[in-house]
Amino acid sequence: MMTTTPDLSGRIALVTGASRGIGYNTAKQLAAAGAHVIAVARTVGGLEELDDEIKASGGQATLVPLDLTDMAGIDRLGSSINDRWGKLDILVANAAVLGVIAPIGHVEAKVFDKVMAVNVTGTWRLIRSVDPLLRKSDAGRAVIVSSGSAHSARAFWAPYAASKAAVEALARSWADETKNTALRVNIFDPGTSRTAMRALAVPGEDPATVTHPSETARHILGMVDPALTRTGQIYQIREQRWVSHQKPA
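These numbers come from a predicted model, not from an experiment.

### Topic: the overall build of the protein chain
Right, on to step 1. Counting its secondary structure elements, the protein chain contains eight helices and eight strands.
Right, on to step 2. For the protein chain, whose C-alpha radius of gyration is 17 Å, the value lies close to the compact-globule estimate of 18 Å for 249 residues.
Right, on to step 3. Dimensions of the protein chain, computed from the C-alpha atoms along their principal axes, are close to 50 × 45 × 40 Å.
Right, on to step 4. Per-residue burial for the protein chain yields a buried fraction of 52% across its 249 residues.
Right, on to step 5. Here the contacts in the protein chain between residues at least 6 apart in sequence split such that 72% fall between residues at least 24 apart.
Right, on to step 6. On the protein chain, roughly 11,300 Å² of surface is accessible, and the fraction owed to carbon and sulfur atoms is 50%.
Right, on to step 7. Across the protein chain, 27 positive and 24 negative side-chain charges occur, with their mean positions spaced 4 Å apart.

### Brief notes about the UniProt feature "domain: Ketoreductase" (unreviewed entry) in the protein chain
Right, on to step 1. The UniProt feature table records "domain: Ketoreductase" (unreviewed entry) at residues 11-191.
Right, on to step 2. For residues 11-191, the end-to-end C-alpha separation is 28 Å, with 50% helix and 18% strand making up the annotated structure.

### Points about the packing of helix α4 (residues 109-135) against helix α6 (residues 158-177)
Right, on to step 1. At a closest axis distance of 9 Å, the pairing of α4 and α6 adopts a crossing angle of 15°. By the angle class used here, α4 and α6 are roughly parallel. Viewed along their axes, α4 and α6 form a crossing whose handedness is right-handed. Across from Phe 112, Val 115, Met 116, Asn 119, Val 120, Thr 123, Trp 124, Ile 127, Asp 131 and Leu 134 in α4, the residues of α6 making contact are Pro 159, Tyr 160, Ala 162, Ser 163, Ala 166, Val 167, Leu 170 and Trp 174.

### Considering unusual backbone geometry
Right, on to step 1. The backbone of Ala 153 shows a phi angle near 45°, a positive value even though the residue is not glycine.
Right, on to step 2. Among the structural elements, Ala 153 can be located in the loop between α5 (149-152) and α6.
Right, on to step 3. Despite not being glycine, Gln 240 shows a phi value in the positive range, around 50°.
Right, on to step 4. Structurally, Gln 240 is set in the loop between β7 (234-236) and β8 (241-243).
Right, on to step 5. Residue classification places Gln 240 among the partly exposed residues on the basis of a relative accessible area of 34%.

### Examining the sheet that holds strand β4 (residues 90-93)
Right, on to step 1. On the basis of which strands lie adjacent, the open sheet formed by eight strands has the order β3-β2-β1-β4-β5-β6-β7-β8 and mixed pairing. Where the open sheet ends on each side, the last strands, each with one partner, are β3 (60-65) and β8. With strand direction ignored, the average angle separating the axes of adjacent strands in the sheet is 20°.
Right, on to step 2. Pairing of strand β5 (residues 141-145) with strand β6 (residues 184-189) involves five bridges; the strand directions are parallel. Within β6, the position partnered with Val 143 by the bridge is Asn 186.
Right, on to step 3. Its contacts with the sheet put helix α1 (residues 21-32) on β1 (12-16), β2 (36-41), β3 and β4, and the angle it makes with β1 is roughly 170°.

### Some remarks on the pairing of β5
Right, on to step 1. With five of five residues buried, β5 lies mostly within the body of the structure.
Right, on to step 2. Burial along β5 is two-sided: the face carrying Arg 141, Val 143 and Val 145 and the face carrying Ala 142 and Ile 144 are both buried.
Right, on to step 3. As judged from the four bridges shared by β4 and β5, these two strands associate in the parallel manner. Across the sheet, Ile 90 pairs through a bridge with Arg 141, a residue of β5.
Right, on to step 4. Read as a crossover between parallel neighbours, the route from β4 over α4 to β5 is right-handed.

What counts as what
Residues numbered from 1 in each chain as written. Predicted model: local features only at pLDDT ≥ 70, side-chain atom pairs only at ≥ 80, totals over all residues. Heavy atoms only, no water. Helix = DSSP H or I, 4+ residues; strand = E, 2+ residues; numbered from the N terminus. Rg over C-alpha atoms; globule rule 2.2 N^0.38 Å. Buried < 20%, exposed > 50% of the residue type's maximum accessible area, 1.4 Å probe, protein only. Contact = heavy atoms within 4.5 Å. Areas by Shrake-Rupley, 256 points an atom, 1.4 Å probe, with all protein chains shown as cover. Lys, Arg positive; Asp, Glu negative; His and termini not counted. Charge placed at Lys NZ, Arg CZ, Asp CG, Glu CD. UniProt positions renumbered as here; feature names shortened; annotations may be inferred. Axes fitted to C-alpha atoms, helices over the stretch in contact; angles between N-to-C directions. Parallel < 35°, antiparallel > 145°, perpendicular 65-115°, else oblique. Left-handed = near helix turned anticlockwise from the far one by under 90°. Pairing = 2+ DSSP bridges. Right-handed = clockwise from strand over helix to strand, strands pointing away.

As structure tokens, this is what we get:
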């Protein structure tokens, strides 16, 4: 189980999608473990609520209202982190949008484009911006949040599934590029978690039957442990196991 709480004192952590759900709870737990959290999200109110909770617990956070379709803004974020801290220790790339659950031929172009812009292009631009900063850390850790949809590719989930498959490919290539450095890059499959996205995707589901995002976030903490040696793998929360990608036989 990846539910250990490492000592992250003095470490700088960047979390996207931090205004609610998994990102919100991950940011809170990283701060509680000692990290200074750079919390990124579109929703200012959610970020301010997060900041209040972190400060009330004695933690520290820097709020960054930013839409991940703002590519120049992502670049400015990386530059600002470099100017202020000179490095980044932890990246949790969590922000994503669902799009629509519909037959592939019924998906509007603007919906497909937005899913790809946020989930894929935004994640790539973020990696591009912070890769040099993570390499400056003595134990850089990157967690790319994916989904079981990347592998199941269920009917009606095409845009989201395609975006998460692409994100996993980005993470795997990045991990291979950095395998001989101190940077570890891994993929997180959160399974089912009680989030707004989950409610949108499965509107008839009883939320009480789904894992609370605070429990989901506990597994991410184990993935950013400076002692972690794995890279280029997937941690599946449902089975609580690490798995490697398999090539077709």
